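Each chain, letter by letter, is given below.
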Amino acid sequence: PDWFIEREHQSNHGVPTLLCSDWHWGETVEARQVNYVNAFNKEIAEKRVKRLVAKTINLMLVHMAKPKYDYLCLPLLGDMDSGNIHEELRETNWAPINICLIELRDTIIWMIDEFLNAFKKLYVPCVTGNHGRMDRKPRFKNASYDNFEFLLYEMLRHHYKGNKAVHFDIAESSELLYDVCGTRYLAVHGDGFKGGSGIAGALSPMMIGRARKKESAMATNRLFDVMIHGHWHFHRNIGDIISNGSLKGFDEYALKNSFQYQAPIQALWVTHPDYGITASWPVYLEAKGERYR
């Protein structure tokens, strides 16, 4: 759309980006099975989405002095739904996958409408994750097409097809390269990064993955400045890598594998036309130390 064409920015704070991934819509986390440090169900998920929207608008439009933004960038980077890739998920999800997809579609439409009221225009880059796949084992041929999230993204695009203020960019591969104010972002889900069992945790596979992506980008003239991803459920911003947290939060899998605890978080930052990323916040969706007895 015309408004997305880069142009000279004046008196502009830049473009805010809210990274949404790893919502795991449909998954149930029982508090008693994770030492009462977290819980997740439909009611909790809806409350966290509402907090996410309210806090993002508050941070961007109330806490910033005289804010002026061209648009809001809203990447959707996969694992938005719980899926059925494990038998235990099929048994414990709060609803069948197609019901969850309908609920999730309506929830994201509500979120986009709220952001349209606040920011007027939205750019929505989309990448599928691993939980939405239709097969138990990961596939590489037609991986994006045979993924429930690709259908979800297309349903969202169809809903807004007559609205020029919302622009969807849906990846047909496992990655998406896009530009915000001259800063080039490479969006991936993150399930292609392997390892993470050492003392450095997820940091090692992220940095190795970034280095390999950089090498490939240089060979194919698809250079990027910042890589963003989800999958690992741990928010970390180290400059040229931004890792997202999750809406679901700490679960039984993380406890069993002794992963580091982190509260439910989604990443928020601002990209400035002159300076790149100038501000960054984790948007906390629950109070620190909250108990779920």
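To be clear, the structure that these remarks concern was listed above.
The sections below set out a description of the structure shown in this document.

## Quick look at the pattern of salt bridges
Logical step 1: Per the stated rule, a full pass over the model turns up 15 salt bridges.
Logical step 2: In this structure, Lys 248 and Glu 27 form a salt bridge, with 3.2 Å as the shortest nitrogen-oxygen distance. Of this pair, Lys 248 sits in the loop between β9 (241–243) and α6 (252–256) while Glu 27 is found in the loop between β1 (15–19) and α1 (42–61), placing the two residues 221 residues apart along the sequence. Considered together, Lys 248 and Glu 27 belong to a single accessibility category, that of buried residues.
Logical step 3: Between Glu 175 and Lys 213 there is a salt bridge, and its shortest N-O distance comes to 2.6 Å. In this pair, Glu 175 sits in strand β5 (residues 175–180) while Lys 213 sits in helix α5 (residues 203–220), placing the two residues 38 residues apart along the sequence.

## A word on α1
Logical step 1: Compared with an ideal rise of 1.5 Å per residue, which puts 20 residues at 28 Å, α1 spans 29 Å between its outermost C-alpha atoms and is within 8% of the ideal.
Logical step 2: All buried positions along α1 are accounted for by Ile 44, Ala 45, Arg 48, Val 49, Leu 52, Val 53, Thr 56, Leu 59 and Met 60.
Logical step 3: Looking at the buried residues of α1, the elements they touch are β1, α3 (97–119), β10 (265–272) and β11 (276–284).
Logical step 4: Sitting at the head of α1, Asn 41 places a side-chain oxygen 3.2 Å from the backbone nitrogen of Glu 43.

Criteria and cut-off values
Residue positions are counted from 1 within each chain, in the order its sequence is given. Reporting in this predicted model follows two pLDDT cut-offs: at least 70 for local features of residues, and 80 or more for side-chain atom pairs to be given and counted; totals over whole chains, interfaces and linings ignore these cut-offs and use all residues. Only hydrogens and water are set aside; all other atoms, that is, all heavy atoms of the structure, feed into the side-chain values. Salt bridges are identified by distance alone: a Lys or Arg side-chain nitrogen within 4 Å of an Asp or Glu carboxyl oxygen. Strands here mean DSSP runs of E at least two residues long; helices mean DSSP runs of H or I at least four residues long; both are numbered from the N terminus. Think of it in three bands: with a 1.4 Å probe and only protein chains considered, a residue is buried below 20% of the maximum accessible area for its type, exposed above 50%, and partly exposed in between. The span expected for a helix works out to 1.5 Å for each residue beyond the first. Contacts: residue pairs with any heavy atoms within 4.5 Å of one another. We define a polar contact as two N or O atoms separated by no more than 3.5 Å, with the added condition that, inside protein, one atom must be a possible hydrogen donor and the other a possible acceptor, whereas residues neighbouring each other in sequence contribute only through side-chain atom pairs.

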